[in-house]
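Residues per chain, in single letters:
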Amino acid sequence: LLSLLQKWALLALSACSSLCCLCCLLGLLVAIGLTLGNQGRVLLAPCSISSIALAPVSRECPFDPTRVYVSPRGLGMGM
């Protein structure tokens, strides 16, 4: 049913999508490897509070390990 040009376009888009997926997967694996390699210490390193227990409530701390990040779409409220 599809013309030859449409088949080639679909193949090209599929190949590009697969390549992007592989790049994202590689980046994710590198990020997980680096995090596990330094036991997650780098995630809280920018926090300026001396007590790590209080670090997540600080404005200087960019990462809160105790927070659950959920989007409205994830809660079933589709926005």
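Refer to the structure above for everything that follows.
Because the structure is predicted, anything quoted here is derived from the model rather than measured.

**Let's talk about the overall build of the protein chain**
Within the protein chain, the regular secondary structure consists of 2 helices and 0 strands. With 79 residues in all, the protein chain has 11% of them scored as buried. Looking at the protein chain as shown, the accessible area adds up to about 6900 Å², and 72% of this sits on carbon and sulfur atoms.

**So, a nonpolar patch on the surface**
On the surface, a cluster of nonpolar side chains totalling about 610 Å² of accessible area is made up of L22, L25, L28, L29, I32 and L36. The topology assignment puts L22 in helix 1 (residues 4-37). For L22, a relative accessible area of 54% puts it in the exposed group.

**Re the state of the cysteines**
Following the criterion strictly, the structure yields 0 disulfides and no others. Cysteine C21 is unpaired, with the sulfur of C24 as its nearest cysteine sulfur at 6.9 Å. Given the relative accessible area of 52%, C21 is considered exposed.

Rules behind the numbers
Residues numbered from 1 in each chain as written. Predicted model: local features only at pLDDT ≥ 70, side-chain atom pairs only at ≥ 80, totals over all residues. Heavy atoms only, no water. Helix = DSSP H or I, 4+ residues; strand = E, 2+ residues; numbered from the N terminus. Buried < 20%, exposed > 50% of the residue type's maximum accessible area, 1.4 Å probe, protein only. Areas by Shrake-Rupley, 256 points an atom, 1.4 Å probe, with all protein chains shown as cover. Patch = residues over 30% accessible without salt bridge, like charges linked within 9 Å, V, L, I, M, F, W, Y side chains within 5 Å. Salt bridge = Lys/Arg side-chain N within 4 Å of Asp/Glu carboxyl O. Disulfide = S-S within 2.5 Å.

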